[in-house]
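These are the residues of each chain, in order.
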Amino acid sequence: MSWRAEADGSVGQDTLAWYERIALGRPGAIVIEASGIRDIPSGPLLRISDDRFIEGLSRLVRAIRAASDGQTRVFIQIIDFLAIRRRPDPRRYFSDFLVLRDEHRKAMGTGDDTDVRARLAALPPEELREVLSASEWRDLNWGARERVTDIAQAAIRDLPLHLPGLFARAACRAEAAGCDGVELHYAHAYTMASFLSATNTRTDGWGGSLEGRVRLPVDVIRATRQAVGDGFSVGCRMLSDECIEGGTTVEEAIWIATRLGEAGLDFLSLSRGGKFDDAAQPKIGEAAYPYTGPSGYECIPHAISDERGPFGRNIEASRRIRSALRVAGLDLPVVCAGGVHSLDRAERMLRSDVCDIVGSARQFMADPDWLEKIRKGEGGCVRVCTYTNYCEGLDQKHKQVTCRLWDRERLDAPNVRLAADGKRRLECPVVTSGDQAVNDRRP
Ligand SMILES: Cc1cc2nc3c(=O)[nH]c(=O)nc-3n(C[C@H](O)[C@H](O)[C@H](O)COP(=O)(O)O)c2cc1C
Ligand code: SF4
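Being a predicted model, the structure only gives us computed values, none of them experimental.

Procedures and definitions
- Residues numbered from 1 in each chain as written.
- Chains lettered and ligands numbered in written order.
- Predicted model: local features only at pLDDT ≥ 70, side-chain atom pairs only at ≥ 80, totals over all residues.
- Heavy atoms only, no water.
- Helix = DSSP H or I, 4+ residues; strand = E, 2+ residues; numbered from the N terminus.
- Rg over C-alpha atoms; globule rule 2.2 N^0.38 Å.
- Buried < 20%, exposed > 50% of the residue type's maximum accessible area, 1.4 Å probe, protein only.
- Contact = heavy atoms within 4.5 Å.
- Near = heavy atom within 4 Å.
- Nonpolar A, V, L, I, M, F, W, Y, C, P; charged D, E, K, R; others polar.
- Axes fitted to C-alpha atoms, helices over the stretch in contact; angles between N-to-C directions.
- Parallel < 35°, antiparallel > 145°, perpendicular 65-115°, else oblique.
- Left-handed = near helix turned anticlockwise from the far one by under 90°.
- Polar contact = N/O pair within 3.5 Å; in protein donor to acceptor, adjacent residues only side chain to side chain.
- Areas by Shrake-Rupley, 256 points an atom, 1.4 Å probe, with all protein chains shown as cover.
- Domains from an automatic or database assignment.
- Patch = residues over 30% accessible without salt bridge, like charges linked within 9 Å, V, L, I, M, F, W, Y side chains within 5 Å.
- Salt bridge = Lys/Arg side-chain N within 4 Å of Asp/Glu carboxyl O.
- Lys, Arg positive; Asp, Glu negative; His and termini not counted.
- Charge placed at Lys NZ, Arg CZ, Asp CG, Glu CD.
- Pairing = 2+ DSSP bridges.
- Right-handed = clockwise from strand over helix to strand, strands pointing away.

Across its full length, the protein carries 19 helices and 7 strands. Expected size for 443 residues packed as a compact globule is a radius of gyration near 22 Å; at 23 Å, the protein falls within 12% of this value. Seen along its three principal axes, the alpha-carbon backbone of the protein occupies a region of about 75 × 55 × 50 Å. Counting only residues that meet the buried cut, the protein has 53% of its 443 residues in that class. Within the protein, contacts between residues separated by at least 24 positions form 66% of all contacts whose residues are at least 6 apart in sequence.

What follows is the structure, encoded as structure tokens:
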């Protein structure tokens, strides 16, 4: 997410300028960030949840095509996510949020609920842990969040009834806006990834076994494929490995990818990790962020790393998944992303059958012109991502994402657009002679 949508989730000048700037560097394709498919207020998250968003999205698609001289294909990632609350102040948790049970009353030795709440609030953590259930303990210490396994709640139980239609209608809007395709978000900490997850223990046929876990994702692909035209691509992004204890492994991901491919996917994009399950404990008043634990590290690796560094950590898993798809007779293109910031590495990945398309996020934020500079023989001018994850810190706070390599540069130049905090420029400046050529094509 770049967190640049207007307050109602529509495309405004900030979103246009961000993608236009990236398109000037003419990547082969841009996948517009995760965009919400439910028509509910979602802050500065881009939305594709109603036909009223089509007009803004069409402008965005046209801007990308114009800035790239028509060289860049345009996809949009469509997403569903469940509610997550901030970590509560313990006093409020005990006074307002905790639903008292007889076990609490018994453990506190009183039937007076006001007393029960007061006594629970006064317990030391080690005793409290004995009295609260695992989910109450998590809600207190990490903030409550909905899970696909909460099937006692009608809205969660009925997700399999509603999501295929929601995704399919969003894809139709993407098609109407002129996109080349959609990427269904089946990765990281979001609803569809939670259905695919080894932690999906639903007992109603939509979880438990691998067949149960893949059932809704397959239904969504079929509904989406059926709703759009033949020339419109329907791909998905899923995890090659959940990278959590007891999570989906590469072996299971191979089985899942094969079923999704058989359901008619046009491309498969592979990410890894990025789960809530092992996220760091948030501060009181803040929400958990799925890129703070070990699985988060695998997803958006940082420069402070192990001996492998933040580079290409998804390569081995992608190679295995792609090879299994080919053995199964499926020839859909596979995209591999994570820690790729050089053409040399990207070419090696393509030549050694890791993937058919190389994806990159942070290197494009660090220098949207990096490919253009290399094409022009100006590779020495590329600003190389330092993997310090300043951009991720902004994403965590839902602030307009910028890169520390350029966001304080030439703030007083004419027409510089600043972030809401007034301290950062919103788009990468143009600096080299090669950049001048890029600048000349600015529509
Ligand atoms: C600021 C920021 C925003 C991101 N937004 C998305 C997103 O909207 N959808 C998605 O699937 N991944 C998102 N990612 C993850 C990236 O797509 C990518 O998987 C990850 O950063 C690793 O690749 P890289 O090393 O090329 O950055 C985001 C990452 C960052 C740093
Ligand atoms: S802020 Fe840091 S990690 Fe993010 S793109 Fe820029 S250099 Fe890379």
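Turning our attention to the site of ligand 2. Every one of the 13 residues lining ligand 2 counts as a neighbour, but Arg362, Cys385, Asn389, Cys391 and Cys403 are closest to it. If you list the elements that add at least two residues to the shell around ligand 2, you get α16 (362-366) and α18 (390-396). Among the elements that make up the shell around ligand 2, the one with the highest residue count is α16 (3 residues). A per-class count over the shell around ligand 2 returns 8 nonpolar, 3 polar and 2 charged.

On to the packing of helix α3 (residues 90-97) against helix α7 (residues 134-142), then. Between α3 and α7, whose axes approach to 9 Å, the crossing angle comes to 135°. When the axis of α3 is compared with that of α7, the two are oblique. In terms of crossing hand, the pair formed by α3 and α7 is right-handed. Contacts between α3 and α7 involve Pro90, Tyr93 and Phe94 from the first element and Glu136, Asp139 and Leu140 from the second. Its residues assigned to classes, the contact of α3 with α7 shows 4 nonpolar, no polar and 2 charged.

Another aspect to go through is the environment of Asp356. Along the polypeptide, Asp356 turns up in the loop between α15 (343-351) and β7 (357-359). Note on Asp356: relative accessible area 30%, which makes it partly exposed. For the pair formed by Asp356 and Leu332, sequence separation is 24 residues and the distance between their alpha carbons is 8.9 Å. Not counting the four nearest positions on each side in its chain, Asp356 is found in contact with Arg322, Arg326, Leu332, Pro333, Val334 and Leu350. Within the local environment of Asp356, its side chain forms a polar contact with the side chain of Arg322, the two groups lying 2.8 Å apart. Reaching out from Asp356, the side chain makes a polar contact with the side chain of Arg326 at a distance of 2.9 Å.

What follows deals with the site of ligand 1. With respect to spatial proximity, 20 residues lie near ligand 1, and among them Met1, Gln77, Arg237, Gly339 and Arg362 are the closest. The contact in question runs from an oxygen atom of ligand 1 to an N or O atom on the backbone of Ala34, over 3.3 Å. A distance of 2.7 Å separates an oxygen atom of ligand 1 from a polar side-chain atom of Arg237. Within the complex, 92% of the 610 Å² of free accessible area of ligand 1 lies under protein. Contributing elements (two or more residues each) for the shell around ligand 1: β1 (29-36), α16 and α18.

Looking now at the domain arrangement of the protein. In terms of domains, the protein is made up of domain 1 (90-142) and domain 2 (148-360). Spacing between the C-alpha centres of domain 1 and domain 2 amounts to 37 Å.

This part takes up the environment of Phe195. Its place among the elements puts Phe195 in helix α10 (residues 191-196). Sequence-wise, Phe195 and Trp206 are 11 residues apart; in three dimensions their C-alpha atoms are separated by 7.5 Å. Dropping the residues within four chain positions of it, Phe195 is found in contact with Val148, Leu159, Pro160, Asn200, Arg202, Trp206, Arg213, Leu216 and Pro217.

A contiguous patch of positive charge, built from Lys283, Lys397, Lys399 and Lys423, is present on the exposed surface. Locating Lys423 in the fold gives a position in the loop between α18 and α19 (433-440). For Lys423, a relative accessible area of 51% gives the class exposed.

A few words on the pairing of strand β5 (residues 267-271). Of all the 5 residues making up β5, 5 are buried; the element is thus mostly covered by neighbouring parts of the structure. Judged by which residues are buried, β5 turns out to be covered on both faces: Phe267, Ser269 and Ser271 on one side and Leu268 and Leu270 on the other are all buried. Across 5 bridges, strand β4 (residues 233-239) lies against β5 in parallel orientation. By the bridge assignment for β5, Met238 is matched with Leu270. Handedness of the crossover joining β4 and β5 through helix α12 (residues 250-262) is recorded here as right-handed.

If you trace the 7 strands from one edge of the open sheet to the other, you get β1-β2-β3-β4-β5-β6-β7, paired in parallel fashion. Of all the strands in the sheet, just β1 and β7 have a single pairing partner and so form its edges. On average, each strand axis in the sheet is inclined to that of its neighbour by 25°, with strand direction left out of account. With 6 bridges joining them, β1 and strand β2 (residues 73-79) adopt parallel strand pairing. Bridge assignment links Ser35 to a residue of β2, and that residue is Ile78. Each of β2 and β3 (181-186) touches helix α9 (residues 159-176); the most contacted strand, β2, lies at about 155° to it. Along the sheet face, α12 touches β3, β4 and β5 and points at about 170° away from the line of β4.

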